[in-house]
Structures are given as C-alpha cells and as structure tokens.
Amino acid sequence: MENEKLYNLSIIKDIAQGDESFVKSLLQIFIDTVPTNCTELVEALSKGNLQEASELAHKLKSSVDTLQIVTIADDIRSIESNSKAEKNQALMQQLAIKIKNTINEVIAQFRINNEL
C-alpha cells in the first residue's frame, strides 16, 4: 500500500482539459481548505456538535468524491447520516480521525508524486 495512490486525478484532469496549472490550483485549494475542515470535524464530534459534524461531512464529501479517495468515501457518508440521526458518536469520532489522517496522507502523496 506504500506506493498505492489514495486518490485519482482523472475527474479534475477532465474538468481542466489539459490545463495543468488549473489542476495545480484545484489541488492547492484542496490543501488550503480540506485539512482545516477535517480538524473542525474531529472537534465538532468531540464536543457532541452533531449538526456541525453533519454539515462538515457534507462539505468534505464533494472533495473526496472529486479526488476519488475511495478509502474514506463511505466513512464521510456514515458521519453525515449518523450525525443527522444522532447515533454512533464513538464510531463517528474514530472515522473522523481516520478521514483526517487519510487526507494528510493524500496531501503528502501529492507532493511525492509532484502533482503540485
């Protein structure tokens, strides 16, 4: 798994239509916003703020789907639905930490793979 990419840029590259600077700018926006959202998600769940957790999970969903980060796509949906239903808070906290760690790994892979 060490060399396995956690993400796929095919959707972004299709949108960019060969404009590599556009791809890089989208990845930079991801780096500038998504880790903060992940931290906020972990904090919201630790405080029991399920409404905020649901909103943050919803916000993260499109970024994760666009980059095809399949290892956490179901986890984000689980947090969104469980937060709305006010269920499984301990599990959601674990999933949020997994999501945050995976996002950090994806960003590290961007740099390793010279995507930026």
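Our subject is the structure listed above.
Scoring rules and cut-offs
Residues numbered from 1 in each chain as written. Predicted model: local features only at pLDDT ≥ 70, side-chain atom pairs only at ≥ 80, totals over all residues. Heavy atoms only, no water. Helix = DSSP H or I, 4+ residues; strand = E, 2+ residues; numbered from the N terminus. Polar contact = N/O pair within 3.5 Å; in protein donor to acceptor, adjacent residues only side chain to side chain. Contact = heavy atoms within 4.5 Å. Expected span 1.5 Å × (residues − 1). Bend = angle between axes of the 7 residues up to and from the residue. Buried < 20%, exposed > 50% of the residue type's maximum accessible area, 1.4 Å probe, protein only. Axes fitted to C-alpha atoms, helices over the stretch in contact; angles between N-to-C directions. Parallel < 35°, antiparallel > 145°, perpendicular 65-115°, else oblique. Left-handed = near helix turned anticlockwise from the far one by under 90°. Nonpolar A, V, L, I, M, F, W, Y, C, P; charged D, E, K, R; others polar. Salt bridge = Lys/Arg side-chain N within 4 Å of Asp/Glu carboxyl O.

Caption draft 1: Summary view of the side chain of asparagine 82. Tracing the chain through its elements places asparagine 82 in helix H4 (residues 70-85). At 3.0 Å, the side chain of asparagine 82 forms a polar contact with the side chain of asparagine 88. Aside from chain neighbours lying at most four places away, what touches asparagine 82 is Lys87, Asn88 and Met92.

Caption draft 2: Main features of the environment of proline 35. Within the secondary structure, proline 35 sits in helix H2 (residues 20-46). Residues proline 35 and threonine 102 lie 67 residues apart in sequence; the distance between their C-alpha atoms is 10.0 Å. When residues no more than four places from it in sequence are discounted, the contact partners of proline 35 are Phe30, Ile103, Asn104 and Ile107.

Caption draft 3: Just helix H3 (residues 50-66), in detail. The terminal C-alpha atoms of H3 lie 25 Å apart, and with 17 residues this matches the ideal 24 Å at 1.5 Å per residue to within 8%. Of all the bends found along H3, the most pronounced is centred on leucine 60 and spans about 25°. Along H3, the residues classified as buried are Leu50, Ala53, Ser54, Leu56, Ala57, Leu60, Lys61 and Val64. As for H3, its buried residues are in contact with H2, H4 and helix H5 (89-112).

Caption draft 4: Molecular detail of the packing of H2 against H3. Running from N to C, H2 and H3 point in directions that differ by 150°, and their axes come no closer than 9 Å. Judged by the inter-axis angle, H2 sits roughly antiparallel to H3. As for the relative orientation of H2 and H3, their crossing is left-handed in sense. From H2, Phe30, Val34, Asn37, Cys38, Glu40, Leu41, Ala44 and Leu45 reach across to H3, where they touch Leu50, Glu52, Ala53, Leu56, Ala57, Lys59, Leu60 and Ser63. Considered class by class, the residues forming the contact of H2 with H3 number eleven nonpolar, two polar and three charged.

Caption draft 5: Examining the pattern of salt bridges more closely. This structure, assessed with the given rule, holds five salt bridges. The partner of lysine 61 in a salt bridge is glutamate 80, and the shortest N-O contact between them spans 2.8 Å. Linking lysine 61 in helix H3 with glutamate 80 in helix H4, this pair joins segments that are 19 residues apart in sequence. Judged by relative accessible area, which is 18%, lysine 61 ranks as buried. One salt-bridge network, held together by shared partners, links Lys61, Glu80 and Lys84.

Caption draft 6: Just H2, in detail. Helix length check: H2, at 27 residues, gives a terminal C-alpha distance of 39 Å against a target of 39 Å (1.5 Å per residue), a fit within 8%. When the local axis directions of H2 are compared, the greatest deviation, roughly 25°, occurs at isoleucine 31, which is followed within four positions by the proline proline 35. Looking at H2, one finds that the buried residues are Val23, Leu27, Phe30, Ile31, Val34, Pro35, Asn37, Cys38, Leu41, Val42, Ala44 and Leu45. In the core, the buried residues of H2 are packed alongside helix H1 (10-16), H3, H4 and H5. Of the residues flanking the end of H2, it is glycine 48, one or two places downstream, whose phi is positive at about 75°.

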